[in-house]
Structures are given as C-alpha cells and as structure tokens.
Amino acid sequence: KKTMNMFPTYFFATPYLTQALGFLYPAYKSFKALRSKEDEDDDIEMLGYWVSYAAFYMVETYLEMFIFWIPFYYEIKLFLLIWMVFPTSRKYAGGIVLYDMFVAPFFEKHEATMEDILTSLHYYDLFLTEDDLNPPVVKQGGRIETPIAEEDDDDDQ
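Right, let's walk through the structure included here.

Cut-offs applied
Residues numbered from 1 in each chain as written. Predicted model: local features only at pLDDT ≥ 70, side-chain atom pairs only at ≥ 80, totals over all residues. Heavy atoms only, no water. Helix = DSSP H or I, 4+ residues; strand = E, 2+ residues; numbered from the N terminus. Buried < 20%, exposed > 50% of the residue type's maximum accessible area, 1.4 Å probe, protein only. Contact = heavy atoms within 4.5 Å. Axes fitted to C-alpha atoms, helices over the stretch in contact; angles between N-to-C directions. Parallel < 35°, antiparallel > 145°, perpendicular 65-115°, else oblique. Left-handed = near helix turned anticlockwise from the far one by under 90°. Polar contact = N/O pair within 3.5 Å; in protein donor to acceptor, adjacent residues only side chain to side chain. Expected span 1.5 Å × (residues − 1). Phe/Tyr/Trp six-rings, centres within 6.5 Å; stacked < 30°, edge-to-face > 60°.

## Section: the overall build of the protein
Looking only at helices and strands, the protein has seven helices and two strands in total. Put simply, the protein runs from its N terminus to its C terminus through helices and strands in the order α-α-α-α-α-α-β-β-α. The buried share of the protein, taken over its 157 residues, is 21%. Taking the intrachain contacts of the protein between residues at least 6 apart in sequence as the baseline, contacts between residues at least 24 apart amount to 52%.

Below is the structure:
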C-alpha cells in the first residue's frame, strides 16, 4: 500500500526534480566556475553544459506533444541530466560529449545562415546598439548630452 500511495507524489515530483537538477545546480556550479580564476576547465565544462542543455530544451519544446506519450520520459531526462551535470572526468562530461557530437556540427553547418539572420536583425535594430548602451544624459538646465558626443567634443579641441 505504501508504494501505491508514494507513486503519485513521485510521478508529479519528477518534472520539478528535473528542473531543479537542470537549472539550479548547474547555475550554482557555473557561479563557482566563473569565480575560480586559475581553472578554465570548469568554465568550458559548464559552457558545454549550458549550450547542450539549451539545444536539448529547444528540441524538447517542439516535441512536447509527443514526449508526453513516452513512458518514464522525465526519469530518462533525469538520468540524462545527471550524466550531463556530474561528469566522472572532463573527457566524459555529458554536456561536452553532446556538444561535440550534436551541437557543434549543427552550428558549424548552419553558421553562415545564422550570421545572415543575426545581421539582418541587427539591421532592423532588433538588438541593442551603441546608443542603447550609452543613453543621453540630461544635465542641469535641461541640456542633453551623450557620453559619445562628449568624447568627440574633446577630440575636436
């Protein structure tokens, strides 16, 4: 009887557990990796994880209506995340392995197309420009100055 009573709790808790394992622990591990100055391997490991997880999440989002029917999907995903997050060595880090096998070849194949799309989006000002990063400053008396204009004025003198 206890097993049957525990099943619904386990069944409904698994998606939340995969989210916690997929985001919270790797975020903390990334925080620690960025703070360590002498070791770049942990930075590469976590970057490989995040790029692989983002690709996995995109595929998962588009296949969600089919994934629902896969028995024990969240359990399978949980084991995949454990493999990605807790590597036995850098060579066998799941995020790096997935990156090398799937993500990098995909981006290498489509890099020119993606650059064209990003360039066209930048052309239509859908991304931040230098003006967005240096907004005008209103000085006393209502005079508007931009940090870039101030630098240019100094050069002219």
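Okay, back to it.
## As for unusual backbone geometry
Of note in the backbone geometry, phenylalanine 72 takes a positive phi value of approximately 60° without being a glycine. Checked against the element boundaries, phenylalanine 72 lands in the loop between helix H3 (64–67) and helix H4 (73–85).

## As for the packing of helix H2 (residues 41–62) against H4
In the contact formed by H2 and H4, the axes pass within 11 Å of each other and the chain directions differ by 165°. As summarised for this structure, H2 and H4 are arranged roughly antiparallel, according to the angle between their axes. In this structure, H2 meets H4 at a crossing whose hand is right-handed. Of H4, the residues touching H2 (which contributes Tyr49, Ser52, Tyr53, Phe56 and Glu60) are Tyr73, Lys77, Leu80, Leu81, Met84 and Val85.

## What to know about the side chain of lysine 77
When you line up the elements, lysine 77 lands in helix H4. On the basis of relative accessibility, which here comes to 2%, the residue lysine 77 falls in the buried class. At a separation of 3.0 Å, a polar atom in the side chain of lysine 77 contacts the side chain of glutamate 60. In this view, lysine 77 contacts Thr18, Gln19, Tyr53, Phe56 and Glu60; residues no more than four positions away in its chain are not counted.

## Examining H4
Its 13 residues give H4 an end-to-end C-alpha distance of 18 Å, which sits within 8% of 18 Å, the value for a rise of 1.5 Å per residue. Every buried residue of H4 is accounted for by Tyr73, Glu75, Lys77, Leu78, Leu81, Met84 and Val85.

## With respect to the packing of aromatic side chains
Applying the stated criterion across every chain yields a total of nine aromatic pairs. The interplanar angle of 70° and the centroid separation of 5.6 Å between the aromatic rings of phenylalanine 106 and phenylalanine 107 together place this pair among those described as edge-to-face. Counting every residue linked through ring pairs, the aromatic cluster contains Phe23, Tyr49, Trp50, Tyr53 and Phe56.

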